[in-house]
Amino acid sequence: MTIRGGCLCGGIRYEIDGPLGTSVYCHCSMCRKFHGSAFRARLSVPKTSFKFLKGEELLTKYRSSADTVKSFCKVCGSAMVNQWDPEAESWGLAMGSLDDDPGVRPSMHIFVGSKALWHDITDELPKYKTFPGADE
Ligand SMILES: [Zn+2]
Ligand SMILES: [Zn+2]
């Protein structure tokens, strides 16, 4: 199944063909600022499954921490793909940029220890103060 997506202005378009990773809602303060929203919906996409159809030159990169680079469209500001570590085999895709249903649903909330005070989580998904496996 091929799924497509892109940025708000349409300058950047991509397609994904292949297996997808997990999806999470991230409530960390950096995601909140970056997305201007209560949380980030992130889908892990293997780089081998992901292809830019156009506009890759419009991607602007911002290093938000020593090992994280976030990218967005320089025309419209839409969040695109993040990379946690240069050697990582997957992108962290901003799920809101998808046009099609990836079939995958977010399975947990992470970094709820820093979630927005004005936002209440009302679903039953597992919640982690930081991420699964970390000391709570
Ligand atoms: Zn754009
Ligand atoms: Zn985050």
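Parameters at a glance
Residues numbered from 1 in each chain as written. Chains lettered and ligands numbered in written order. Predicted model: local features only at pLDDT ≥ 70, side-chain atom pairs only at ≥ 80, totals over all residues. Heavy atoms only, no water. UniProt positions renumbered as here; feature names shortened; annotations may be inferred. Helix = DSSP H or I, 4+ residues; strand = E, 2+ residues; numbered from the N terminus. Rg over C-alpha atoms; globule rule 2.2 N^0.38 Å. Buried < 20%, exposed > 50% of the residue type's maximum accessible area, 1.4 Å probe, protein only. Contact = heavy atoms within 4.5 Å. Areas by Shrake-Rupley, 256 points an atom, 1.4 Å probe, with all protein chains shown as cover. Lys, Arg positive; Asp, Glu negative; His and termini not counted. Charge placed at Lys NZ, Arg CZ, Asp CG, Glu CD. Donors = N, O, S within 2.8 Å, 3.2 Å for Na, K, Ca; no water. Pairing = 2+ DSSP bridges. Axes fitted to C-alpha atoms, helices over the stretch in contact; angles between N-to-C directions. Core = buried A, V, L, I, M, F, W, Y, C linked by side-chain atoms within 4.5 Å.

Identification of the protein as CENP-V/GFA domain-containing protein from Usitatibacter rugosus is taken from an unreviewed UniProt entry. Annotation of the protein in UniProt includes, under Sequence similarities (unreviewed entry), the sentence "Belongs to the Gfa family."

A. A look at the overall build of the protein. A count of helical and extended segments in the protein gives 1 helix and 10 strands. Helices and strands in the protein line up, N terminus first, as β-β-β-α-β-β-β-β-β-β-β. Relative to the compact-globule value of 14 Å for 136 residues, the protein shows a C-alpha radius of gyration of 15 Å, a close match. For the protein, the spread of C-alpha atoms along the principal axes amounts to about 40 × 30 × 30 Å. With 136 residues in all, the protein has 40% of them scored as buried. Pairs at least 24 apart in sequence give 55% of the contacts found in the protein among residues at least 6 apart. On the protein, roughly 7,700 Å² of surface is accessible, and the fraction owed to carbon and sulfur atoms is 53%. Of the side chains in the protein, 17 bear a positive and 16 a negative charge, and the two mean positions are spaced by 6 Å.

B. Expanded view of the coordination of the zinc ion (ligand 1). Here the zinc ion (ligand 1) is held by Cys7 (SG), Cys9 (SG), Cys73 (SG) and Cys76 (SG), and the distances to it run 2.3 to 2.4 Å. Here the donor residues of the zinc ion (ligand 1) are spaced in sequence according to C-x1-C-x63-C-x2-C. Since its relative accessible area comes to 1%, Cys73 is described here as buried.

C. Broad picture of the sheet that holds strand S2 (residues 13-17). An order of S1-S2-S5 is seen for the 3 strands of this open sheet, with the pairing classed as antiparallel. Whereas interior strands pair on both sides, the edge strands pair on one side only; in this sheet they are strand S1 (2-6) and strand S5 (50-54). Averaged over all neighbouring strand pairs, the angle between strand axes comes to 25 degrees, with direction disregarded. Bridge analysis of S2 against S5 gives 4 bridges, and the strand direction is antiparallel. Across the sheet, Glu15 pairs through a bridge with Lys51, a residue of S5.

D. Region of interest: the coordination of the zinc ion (ligand 2). Note on the zinc ion (ligand 2): its protein donors are Cys26 (SG), Cys28 (SG) and Cys31 (SG). The metal-donor distances range over 2.1 to 2.3 Å. All donors of the zinc ion (ligand 2) come from a single chain, and their spacing in sequence reads C-x1-C-x2-C. Judged by its relative accessible area of 13%, Cys28 falls in the buried class.

E. Up close: the nonpolar core. Grouped together as the largest cluster of nonpolar side chains are 18 residues, with contacts concentrated most on Ile12, Tyr14, Ile16, Phe50, Phe52, Leu93 and Leu98. Only S2, strand S4 (40-46), S5, strand S8 (79-83) and strand S9 (90-94) provide two or more residues apiece to this core. Other than its neighbours up to four places away in sequence, Phe52 contacts Ile12, Arg13, Tyr14, Leu59 and Val81. Among the nonpolar cores identified, the runner-up in size contains 6 residues, and Val24, Cys28, Cys31 and Ile110 belong to it.

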